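Working through the structure, step by step
Listed below are the residues making up each chain.
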Amino acid sequence: MKLLKVLVIGLVIAAMAVPVIAEDRFSLSGQMRVRAFMYDVDKESTNFDDSGAWNDQRMRISGKIAVAEGVSVHFRFDATESDENSSNNVAWGGSSNKYNAAGTYVGGSVYQYSSRRADIQFDKAYLQLVKNGVTFQAGQLYFGGFGHTRDMLDVVGTGFVVKYKGFYLGHVKRLDENAGNDSFGSSSISLTSRPNNDGDVSLTALKYDYKGDGFALTPMLAYNYDDNYTDYDLLGFGLAGSANLGPVYLKGELNIFDGERAGSIDLKGNQLYLDASMAATDTVRVGAMFLWAEGQDGGDQQVTNMNNDGLVNWTFADWHPESYGYWSGEFVREFDIYDPSGAGAGVTAGSLYADVKVNDALSMKFAGMVYQTEDDDIADVDGYTLNAGLAYKLMKNTTLTTHLNYNSEDIDTGYDDYTDDYLQLISGLVVKF
């Protein structure tokens, strides 16, 4: 009996110690957000006039497991996300009220069961080794942090990263020749977006972050290798920098792209981003942006980032200065500011913005931008955007954020002039933990 008591006491002590040990090795963080969307669109160019609304939500959790000194495992996943631009919360396992092309009901899951938002997507799941000043990461990673625009590198995929004293080398695999099959040959499976996987598709990028006295420079190099049927090979060079010039903070980025794709089509891109800001008062910061990209004609195709493999734009966190504010990159109507026409006509754009801290609980952002195509012979498009937003801290780690975006665009086809107007609103609660 005495021995039994000792064993019970030992088990109780061990059970109490396990959470302590686990907490030292395992850490979690994340956020939960619930948002509402609204839009009112009037497009003369396509005779589209409509308004609507929906809601979405997302629970994001990041974790780290400290395995040993210098060895750790990291992950991040998103759960309970609805479909893109939709309140639909049927992530997987069937949907309710399925209809065929003729409109006949053909069955479906019971709604209260299929609406449990059971889908989970892992953005990151990788191992990390740190030794002798070298950091090595391998697995499913976010490849980014290049410059201010992320146009040189901003994707999620499987690969590896090596970091050492300001150097960053990343390699991400986008497509295997055998499409993941356990074989030595090319895949013969017919895929909708990839009819023939003739070869591998990958992106390799290198940068060096140099920090001086009051300034920083980051030269960047990236190569998009595509041995697939699209034969989309692209080389990108970028230089990003920032400088603290007394009251003015200046940052900018220059990107140059050169390559070719199947059909003997040359890929070209020259673009510039400049941003200057200063504190107007203790609570107000104002700034101005200038953006320029050269239009491409004569059979050349304009490219604006390295994240596109010639078929799919794999950009993970889009950079959209035209929708400057709290939910920038989240609106339905957002466009490539370096090619707003979508026809390779380039752009010349300017923007003014202001960040206002009203008090400890309330902050606001305002911005306005005007833009026009750089080469009107390719496409004649000009427009402007207006943005206004606020962030209010309701409680600890809890913020109500609202962002209003308006875009008006004039399109001259040479035969007719059209004006397209877009009004969009996103408002939501975000709880961070």
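Our subject is the structure listed above.
We now examine the environment of G269. Along the polypeptide, G269 turns up in strand β15 (residues 265-279). We classify G269 as buried; its relative accessible area is 2%. Sequence spacing of G269 and Q296 is 27 residues, and the spatial spacing of their C-alpha atoms is 7.8 Å. Among residues more than four places away in sequence, those in contact with G269 are N255, I256, F257, Q296 and V303.

Let us now look at empty space enclosed by the protein. Inspection of every chain in the model, using the stated rule, returns two cavities of 30 Å³ or more. Empty space within the largest cavity amounts to approximately 50 Å³. Residue lining of the largest cavity: F37, M38, Y39, W54, F331, V332, Q424, L425 and I426, and that is the complete set. Listed by contribution, the elements that provide at least two residues to the lining of the largest cavity are β1 (26-43) and β22 (417-432). Tallied by class, the residues present in the lining of the largest cavity amount to eight nonpolar, one polar and no charged. Lining of the second largest cavity is provided by E322, S323, R333, E334, F335, T385, N405 and N407. Within the lining of the second largest cavity, the residues separate by chemical class into one nonpolar, four polar and three charged.

The rules behind these values
- Residues numbered from 1 in each chain as written.
- Predicted model: local features only at pLDDT ≥ 70, side-chain atom pairs only at ≥ 80, totals over all residues.
- Heavy atoms only, no water.
- Helix = DSSP H or I, 4+ residues; strand = E, 2+ residues; numbered from the N terminus.
- Buried < 20%, exposed > 50% of the residue type's maximum accessible area, 1.4 Å probe, protein only.
- Contact = heavy atoms within 4.5 Å.
- 1 Å grid on protein atoms, 1.4 Å probe; cavity = no way out; pocket = protein on both sides within 12 Å on 5 of 7 lines; lining within 4 Å.
- Points joined across faces, edges and corners; volume = space filled by probe spheres on them.
- Nonpolar A, V, L, I, M, F, W, Y, C, P; charged D, E, K, R; others polar.

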